[in-house]
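Coordinate analysis (summary)
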Amino acid sequence: MIPRHLVIGFAILLGAALGLSLYAWHMRKNVAATPAAATVDPRPLAPPVIGPSERVVLIVAHDDDGTLRGESAQIPMPSGRQQRAEELLRALLSIYLDKNSPHHLGAGAEVRSVYLVDPGVAVIDLNSAFADTHRSGVLVEELTIASLIHTISANTPGILKVKILVDGKDRDTLAGHADLSDFYDVTTVNQLAAELQSQ
């Protein structure tokens, strides 16, 4: 005959095992019923823009055929000239950071600021994630630079030269090819953009 204390101990262990099994089944059912967490949007969250909505033209790079294409967009635009230039480039980057983008940029890529210096000089300050995660290659880097410069110059009259900084500092290249050490002549970049648009 089995001692009574062993029978009681076995019954307690069996009850605990059944209880844990039911609890695990209940938790698994709850997890299956819970919707999956939303994927993280890599686009930076900018403060809301105050201003009327305007139709602008964004010059968007397309990697599949190596072209630039003008795309009309309706975006809220502030009244200040500098803030307008920043919003144009943020709208452009929003296209590039979308999962269905025709020209992908790395997660976290952002325009920190745009400074408009008279007479006719614009300085675009990008964050380090923009440059550090940018794909390397002559064409892909040229498309990015031409897209930024052509978008800002097409919508902001009077810009003749553009300088690109990364985190407020000079950088030799974007990702090994496109030269960032000097000013870009807007007329020359717009001619390149026109060639890339006509291909």
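Scroll up a little and you will see the structure.
So, a few notes on the structure that sits alongside this text.

The rules we used
- Residues numbered from 1 in each chain as written.
- Predicted model: local features only at pLDDT ≥ 70, side-chain atom pairs only at ≥ 80, totals over all residues.
- Heavy atoms only, no water.
- Salt bridge = Lys/Arg side-chain N within 4 Å of Asp/Glu carboxyl O.
- Helix = DSSP H or I, 4+ residues; strand = E, 2+ residues; numbered from the N terminus.
- Buried < 20%, exposed > 50% of the residue type's maximum accessible area, 1.4 Å probe, protein only.
- Pairing = 2+ DSSP bridges.
- Contact = heavy atoms within 4.5 Å.
- Axes fitted to C-alpha atoms, helices over the stretch in contact; angles between N-to-C directions.
- Polar contact = N/O pair within 3.5 Å; in protein donor to acceptor, adjacent residues only side chain to side chain.

1. Remarks on the pattern of salt bridges
- Within the structure shown, the criterion is met by nine salt bridges.
- A salt bridge links E86 to R90, with the nearest nitrogen and oxygen atoms 3.7 Å apart. Taken together, the residues span about one helical turn, with E86 and R90 both in helix α2 (residues 81-96) at a distance of four residues.
- For R90, a relative accessible area of 24% gives the class partly exposed.
- For R112, the salt bridge is made with D167, and the minimal N-O distance between the two is 3.8 Å. Highlighted residues: R112 in strand β3 (residues 111-117) and D167 in the loop between β5 (161-166) and β6 (184-185), separated in sequence by 55 residues.
- It is possible to trace a salt-bridge network through shared partners that takes in E86, E87 and R90.

2. A few points about the sheet that holds β5
- Spatial ordering of the open sheet is given by β3-β4-β5-β6, a layout of four strands whose pairing is mixed. Each having just a single partner strand, β3 and β6 make up the two edges of the open sheet.
- Where strand β4 (residues 121-126) lies against β5, six bridges are found, and the strand directions are parallel. Opposite L126, over in β5, you have V166 as the bridge partner.
- Packed on one face of the sheet, α2 meets β3 and β4 and runs near 140° to β3.
- Of the strands in this sheet, β3, β4, β5 and β6 are in contact with helix α4 (residues 138-155), which crosses β4 at around 135°.

3. Quick word on the side chain of H62
- Relative to the elements of secondary structure, H62 occurs in strand β1 (residues 53-62).
- A polar side-chain atom of H62 sits 3.3 Å from a polar atom in the side chain of R69.
- Other than its neighbours up to four places away in sequence, H62 contacts T67, R69, E71, P102 and L143.

4. Observations concerning unusual backbone geometry
- Of note, D167 is a non-glycine position whose phi angle comes to about 55°, a positive value.
- With relative accessibility at 32%, the residue D167 sits in the partly exposed group.

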